[in-house]
Amino acid sequence: QTTTKPPPTPSPLRFSKFFQPNMRILVTGGAGFIGSHLVDKLMENEKNEVIVVDNFFTGSKDNLKKWIGHPRFELRRHDVTETLLVEVDKIYHLACPASPIFYKYNAVKTIKTNVIGTLNMLGLAKRVGARILLTSTSEVYGDPLVHPQPESYWGNVNPIGVRSCYDEGKRVAETLMFDYHRQHGIEIRIARIFNTYGPRMNIDDGRVVSNFIAQSLRGEPLTVQAPGTQTRSFCYVSDMVDGLIRLMEGDNTGPINIGNPGEFTMIELAELVKELISPKVEIKMVENTPDDPRQRKPDITKAKELLGWEPKVKLRDGLPLMEEDFRLRLGVSKTI
Ligand code: NAD
Ligand code: UDP
Ligand code: UDP
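Residues numbered from 1 in each chain as written. Chains lettered and ligands numbered in written order. Predicted model: local features only at pLDDT ≥ 70, side-chain atom pairs only at ≥ 80, totals over all residues.

A. Up close: the sheet that holds strand β6 (residues 188-193). Ordered by their spatial adjacency, 7 strands build an open sheet running β3-β2-β1-β4-β5-β6-β11, and the pairing between neighbours is parallel. The sheet terminates laterally at β3 (73-77) and β11 (256-258), the two strands that pair on one side only. Looking at each pair of strands side by side, their axes are set apart by 20 degrees on average, direction ignored. Pairing analysis gives 5 bridges linking strand β2 (residues 48-54) to β3, with the strands arranged parallel. Across the sheet, residue I51 finds its bridge partner in β3, namely E74. Lying over the sheet, helix α4 (residues 107-128) contacts β1 (23-28), β4 (90-93) and β5 (131-137), oriented at roughly 175 degrees with respect to β4. (Pairing = 2+ DSSP bridges. Helix = DSSP H or I, 4+ residues; strand = E, 2+ residues; numbered from the N terminus. Axes fitted to C-alpha atoms, helices over the stretch in contact; angles between N-to-C directions. Contact = placed C-beta atoms within 7 Å.)

And the structure:
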């Protein structure tokens, strides 16, 4: 006697109220430094599908190589100043060069990226009903007259200087976000990011931490731009990504400062790099660029209260992690 097997029944979960479809997430600028670390974190969740769009101006496919070909991942060469048609639930909008050398290189393009690029991503968010997070910057505070900087401070920004394409660009981007929120009910999140560092930063992008680490490994003098007493606060990239995800998932529009309140002068930073990486290297004072903010330190009261977030990695612990990555990329091994 033969018995016929009953057809397989579909998984009850598939149709139950417990079934949740995958979350489709767009990351603009996802091939860049912060974007690629964010993608790594988002891809850890098996319910997330990630689409990256990037024009590869400062980013690289190399930063995403472990995900290329993955069924939940898609990479598109696309410039955000052009219309984009995709269906997504969430948008992390990072696309914009972040290093002064690159954002000044084609200032008009930087403005277009900030203004037209953000407008397009908001138009997309409106069409598909997605929540959108903008990575704004501490540069919106300009050369701040209030220290440390709370979100309520409106800033001291030169509207016609060489940095304006970036800082005024981001200020307009924030305005657009709030106007789409008020006028069209778009769900928005704004992060004001303070100086961030970590593996995968462009080796020659001119930012201070990457410069000092590359210089110390090449045995070149550390170039402190005068007067060297200007301060910055440096956040390790894993802390930054954690803060961005908490902001996206929480209920607050922001703007919210995300950064590490540990404050260092550029001379102190150079001395720390020297101590940790290459005690023999020299420190050399060089000329500064116009409009360089004299001090910068986030007030992170809001991030602590509203997101339950604060940075965990101290500069002294983060620099060696970055050193390791730079050694690999520069082909300089550690000599004891
Ligand atoms: P990054 O230069 O490494 O990444 C930016 C990415 O955007 C790159 O992959 C680049 O190719 C891409 N991009 C630039 N213009 C584009 C365009 N028109 N269309 C599509 N893609 C474009 O910089 P990052 O440090 O990863 O910064 C990411 C975001 O965080 C930026 O919005 C930046 O303004 C913001 N931010 C960064 C810092 C920091 O210290 N790193 C500080 C404040 C704010
Ligand atoms: N946009 C986009 N993708 C979309 C929807 C809109 O890139 O899925 C762009 C569109 O090209 C427009 C911008 O977003 O330039 C603003 O769109 P919105 O609908 O708000 O304004 P409108 O098209 O009416 O000017
Ligand atoms: N800086 C420096 N040496 C360098 C590059 C930068 O001393 O080789 C200083 C610069 O003058 C500024 C600070 O480091 O005061 C941070 O500069 P960066 O370009 O990293 O970021 P910013 O905060 O200005 O956007």
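B. Main features of the site of ligand 3. Around ligand 3, a shell composed of 13 residues is seen, among which R207, V208, N211, Q225 and M266 lie nearest. For the shell around ligand 3, the secondary-structure elements that each account for two or more residues are α6 (208-218) and β8 (222-225). With 3 residues, the top contributor of residues to the shell around ligand 3 is β8. Of the residues assigned to the shell around ligand 3, the class counts are 4 nonpolar, 6 polar and 3 charged. (Near = placed C-beta within 6 Å. Nonpolar A, V, L, I, M, F, W, Y, C, P; charged D, E, K, R; others polar.)

C. Seen up close, the UniProt feature "domain: NAD(P)-binding" (unreviewed entry) in the protein chain. UniProt feature "domain: NAD(P)-binding" (unreviewed entry): in the numbering of this structure it lies at residues 26-320. Along residues 26-320 one finds 37% helix and 18% strand; the C-alpha atoms at either end are 31 Å apart. (UniProt positions renumbered as here; feature names shortened; annotations may be inferred.)

D. Examining the site of ligand 1 more closely. With respect to spatial proximity, 28 residues lie near ligand 1, and among them G29, G32, T58, G59 and A98 are the closest. Where the shell around ligand 1 is concerned, the elements lending two or more residues are α2 (33-43), α4 and β5. Looking at side-chain class alone, the shell around ligand 1 contains 12 nonpolar, 14 polar and 2 charged residues.

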